[in-house]
Amino acid sequence: MSSGNSVVARNVRLLREQRGLSLAELARQAGLAKQTLSKLEQGTGNPTVDTLFSIAEALGVPVTRLVAEREQVMTVQRADEVVWQQHGGYESRSLDHVYGSGVIENYLVRIAKGAEGSGDAGRVSEPHPVGTLEHLYVISGRVRVGPVDSPVELSSGDFVRYPGDRPHVYESLDGESLVHIVVSVPRVQPGTGGTTVARTHGNGLR
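All values derive from a computational prediction rather than experimental measurement. (Residues numbered from 1 in each chain as written. Predicted model: local features only at pLDDT ≥ 70, side-chain atom pairs only at ≥ 80, totals over all residues. Heavy atoms only, no water.)

1. Re the confidence of the model for the chain
And step 1. On average, residues of the chain score 82 in pLDDT, and 80% of them are at 70 or above.
And step 2. Taken element by element, the chain is modelled with least confidence in helix 1 (residues 3-18), mean pLDDT 83, and with most confidence in strand 8 (residues 152-155), mean pLDDT 96.
And step 3. Confidence drops under pLDDT 50 across residues 115-119; counting only partners more than four residues distant or on other chains, this segment forms zero contacts.
And step 4. Low pLDDT, under 50, characterises residues 189-197; the stretch is placed with nine contacts to residues that sit more than four places away or in other chains. (pLDDT = per-residue confidence, 0-100. Helix = DSSP H or I, 4+ residues; strand = E, 2+ residues; numbered from the N terminus. Contact = heavy atoms within 4.5 Å.)

2. Things to note about the sheet that holds strand 11 (residues 177-186)
And step 1. Here five strands make up an open sheet; going across it, the order is 1-9-6-11-4 and the pairing antiparallel. Edge positions in the sheet fall to strand 1 (75-77) and strand 4 (102-111), since each of these pairs with one other strand and no more. Across this sheet, the average inter-strand angle for adjacent strands is 15 degrees, counted without regard to direction.
And step 2. Pairing of strand 4 with strand 11 involves ten bridges; the strand directions are antiparallel. By the bridge assignment, Leu 108 is partnered in strand 11 with His 180. (Pairing = 2+ DSSP bridges. Axes fitted to C-alpha atoms, helices over the stretch in contact; angles between N-to-C directions.)

Okay, here's the thing in structure tokens:
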């Protein structure tokens, strides 16, 4: 199995399961033979570009979601490196784009610095549903946030996107910090046997 085929196989299977679709149903929606899709998910097929676009359209995602490593999903924007776009009487800065359907949650979160000597290395949040992304913008303060095994340090004006379906940490490094978090949770399509998605931070950081 080539590395490229294994990436596509893993992504297609993950996205299909997120939507509660059977192999046969996704094949039908994409206009493919079930055996073709089965081989692709096993990493033994060699999909054409047309096949990948058909699957992406059926899943409601850009084709890049099928071919990119999920580990590459973490991105960081530093405040002093971004470009503001001019629009007549105002300027705008693009933070990120979210593709597909699902639940989008917006939060302002105050993160208190752990008491000195307490040994508190930050508040760890349990994984959210598979495919969840967190988009975090630092309004004030300095924080360490992101996956437990690879957090990043950010300052006011910095932005990061990271997988929310792995344990992740929120830590203020200098007094209280204020951050804006947008959580995008994939929604299983109605009638496919999926369950309701609970709010991720509605009762505090989990």
